[in-house]
Amino acid sequence: MKYKLIKAIDVAGLTFLTPVVRLCYGEEPKKQLQEIGRFIVVPLIAFAVFVGLWGAIAPRHKTKSGEVPTPLVVWDAASSIWRFHDREADKEDAYGLSGKTREQKLAIVEKRLSQLEPLETLANQHVKEANAARTTSVEELVGPILTQYEKLDAEFSAAQTEREAALKRDAGLLASADRAAREAYLQRVRDHAAKTEAEREQLKELKAEETAIRAEKFPQLVNALKAQTRIAEERQYLGKLSEQLGHGNRTLKLDEQMAQLRADQVTFLSAEGDAAFMLAQRIVRQEARIQKTSESTYAKPWTLPMQIYRSLACVFAGFLIGSAIAIPIGVLCGLSKTFMAAMTPFIALFKPVSPIVWLPIALIIVGGFIPDPDKHWLIDFLANLPLLGWMKINPAFIASAITVALCSLWATMTNTALGVASIDKDHLNVARVLRLGFKDRLFKIVIPSSLPLIFAGLRISLGVGWMVLIAAELLSSSEGIGKFVWDQFNNGASDSFAKMMVVVFVVGLIGLVLDRIMIVFQRLVSFDDAAAAI
């Protein structure tokens, strides 16, 4: 069992866990503890130091968007993002509930709403008290500064007026003065200007000190506002949930519309002339309305988890497109030096091109093929697929995937060519002796022998594609992680900066998982015991 675990860990590229397994089986405890300290404890300590430095330095750096968020603020933002996602999912479920389940859910929501009223009143009172305490504290600190500012302002104004009066008086004596006297007078004017500027700077410093005190966060008020905001958000959520369970519920709407339809149908049976015609038209409209309501869904806004799923779908679409292009071309390059010479200029020319250049080109080309997305067969087909329909795939999604493909295929192509060109010549000689055809040589010798390097290239390509995708989504306004970041940047809310920091860790964590997955595939097709990754 021990060796099976070690083998699985090695395949997954998680070799830092090997000493833990060996220690559990009692193999050289001292050595394994040293390895655990080196590869597990030291990295954890390094990360803890990083978090500590981040928490200490972040509040000291001010930006136009406020302080750099600390780890705790980023964690709160992550919790807020997930809470928003859960609440939107609740609203979506509530829209389609019916029967006793809907009634029970509605009763729970109304009970919680009634419980929130005194809590909201108390939270508002705490905010009011915290505001008053903050005002008192700020005025105590600012008072001496304002007094000093007013005193210095009056002194400086009087001194400036006195210096200007003396300079103006002495200016009348310059008519008969020589060059040296004029130079001396000019120097006095310079000194006056310099002193006036120094006095202004001194006043500015006092004003800046006052502004800094007024802008400084008051912990009691911050906590009170957080509590007030949480209650307000919950109240808004429960209010909308109550609406989805009440008059906005799909089942109730259908019941009302069906009741109206049945009443109109009964009246229609005895109607004549124009009245019958009008009722018939109303019945047809009501039937169409019922059909539309029965097919309707809750207009759920995009949440970060949804955008993550869409980004993953986009990056894998681009990765598959790029791989489908890169692997065949790479195989041909490895088999034929002539073909490799023909492809080298294209690789050298297009490999360095930035995704920022490829994306607009892809958008224009895709827009040419899909001029009207609402009526195009491909968009309709994708919209009806079970797992992809909800993602609302559009030309921007397709252009982003193509951009990922164009930027990520080069690593796979070059590694495939290298892998094919590095095949042991004895293998090919054996194939000739056995008189294997091109197809058999390709699928029984060439591709199996080059798989380790092909997967090494695929691993690099997937990492490049994941980095490229975020920029592509940001620029194309295609729903996904990139657009989430751009929306937060333009939002300007108090927690927008922290939510962008959350995305940094989300993108990094997903990239790490994708890399681990490719390591597993790479190790599964490797023929040696070389380490999969550092």
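Residues numbered from 1 in each chain as written. Predicted model: local features only at pLDDT ≥ 70, side-chain atom pairs only at ≥ 80, totals over all residues. Heavy atoms only, no water.

(A) Looking closely at the overall build of the chain. Across its full length, the chain carries 18 helices and two strands. Its C-alpha atoms give the chain a radius of gyration of 36 Å, clearly above 24 Å, the size a compact globule of 534 residues would have. For the chain, the C-alpha atoms occupy an extent of roughly 115 × 90 × 65 Å along the three principal directions. Evaluated residue by residue, the chain yields a buried proportion of 35% over its 534 residues. Considering only residue pairs separated by 6 or more positions, the chain has 73% of its internal contacts joining residues 24 or more positions apart. (Helix = DSSP H or I, 4+ residues; strand = E, 2+ residues; numbered from the N terminus. Rg over C-alpha atoms; globule rule 2.2 N^0.38 Å. Buried < 20%, exposed > 50% of the residue type's maximum accessible area, 1.4 Å probe, protein only. Contact = heavy atoms within 4.5 Å.)

(B) How the structure looks around the packing of aromatic side chains. Counted under the stated rule, the structure contains nine aromatic pairs. Here the aromatic rings of F455 and F521 are separated by 6.2 Å at their centres, their planes lie at 25°, and the arrangement is stacked. Placement of the pair is F455 in helix α16 (residues 438-476) and F521 in helix α18 (residues 496-524), with a sequence separation of 66 residues. By relative accessible area, F521 is classed as partly exposed at 42%. Judged by centre distance (5.5 Å) and plane angle (20°), the ring pair of W486 and F489 falls under stacked. One end of the pair, W486, and the other, F489, are both in helix α17 (residues 481-491), three residues apart, so they sit about a helical turn from each other. Here W486 falls in the partly exposed class, since its relative accessible area comes to 36%. Among the residues examined, F489 registers a relative accessible area of 48% and is labelled partly exposed. (Phe/Tyr/Trp six-rings, centres within 6.5 Å; stacked < 30°, edge-to-face > 60°.)

(C) A look at the pattern of salt bridges. Applying the stated criterion across every chain, the model contains 21 salt bridges. Here E88 and K91 are joined by a salt bridge, their closest N and O atoms 3.1 Å apart. Pair noted here: E88 and K91 are both in helix α4 (residues 71-96), with a separation of three residues, about one helical turn. For E88, a relative accessible area of 4% translates into the label buried. Overall, K91 belongs to the buried group, its relative accessible area being 10%. The partner of K499 in a salt bridge is D495, and the shortest N-O contact between them spans 3.3 Å. Owing to a relative accessible area of 16%, K499 belongs among the buried residues under this scheme. Judged by relative accessible area, which is 26%, D495 ranks as partly exposed. (Salt bridge = Lys/Arg side-chain N within 4 Å of Asp/Glu carboxyl O.)

(D) Summary view of the side chain of R163. The residue R163 is located in helix α5 (residues 99-171) in this model. Residue classification places R163 among the buried residues on the basis of a relative accessible area of 19%. A polar atom in the side chain of R163 sits 3.0 Å from the side chain of H192. (Polar contact = N/O pair within 3.5 Å; in protein donor to acceptor, adjacent residues only side chain to side chain.)

(E) Representation of the confidence of the model for the chain within the structure. Counting all residues, the mean pLDDT for the chain is 88, and 98% of those residues have values of 70 or more. Scored below 50 in pLDDT, residues 530-534 shows nine contacts in the model against residues more than four places distant or in partner chains. (pLDDT = per-residue confidence, 0-100.)

(F) Molecular detail of the nonpolar core. In terms of nonpolar packing, the biggest core is built from 50 residues, with I398, W466, I481 and I510 touching the most fellow members. Secondary-structure elements contributing two or more residues to this core are α4, α10 (304-335), α12 (355-369), α13 (377-383), α14 (395-421), α16, α17 and α18. Counting residues per element, this core draws most heavily on α18, which supplies 10 residues. (Core = buried A, V, L, I, M, F, W, Y, C linked by side-chain atoms within 4.5 Å.)

(G) Layout of helix α9 (residues 273-295). Spanning 23 residues, α9 covers 34 Å between terminal C-alpha atoms, matching the ideal 33 Å at 1.5 Å per step. Every buried residue of α9 is accounted for by A276, L279, I283, Q286, I290 and T293. In this fold, the buried residues of α9 make contact with α8 (250-268). (Expected span 1.5 Å × (residues − 1).)

(H) Spatial organisation of the side chain of T403. Summarising the element assignment, T403 is placed in helix α14. Ignoring sequence-local partners within four residues, the contact set of T403 consists of P355, W358, L359, A362 and V468.

(I) Up close: α8. The terminal C-alpha atoms of α8 lie 26 Å apart, and with 19 residues this matches the ideal 27 Å at 1.5 Å per residue to within 8%. For α8, the complete set of buried residues consists of L254, Q257, L261 and D264. Around the axis of α8, the buried residues are gathered within 95° of arc, so they sit on the same side. Opposite the buried face of α8, by more than 90 degrees, sit the exposed residues E256 and V266. Here the buried face of α8 lies against α9. Taking the backbone nitrogen of T251 as reference, a side-chain oxygen 2.9 Å away marks N249 as the first, capping residue of α8. (Arc of directions from axis to C-beta.)

(J) Expanded view of a nonpolar patch on the surface. The grouping of L509, L512, V513, I517, F521 and L524 at the surface amounts to a nonpolar patch, some 560 Å² of accessible area in total. Considering the arrangement of structural elements, one finds L524 in helix α18. On the accessibility criterion, L524 (57% relative accessible area) is exposed. (Patch = residues over 30% accessible without salt bridge, like charges linked within 9 Å, V, L, I, M, F, W, Y side chains within 5 Å. Areas by Shrake-Rupley, 256 points an atom, 1.4 Å probe, with all protein chains shown as cover.)

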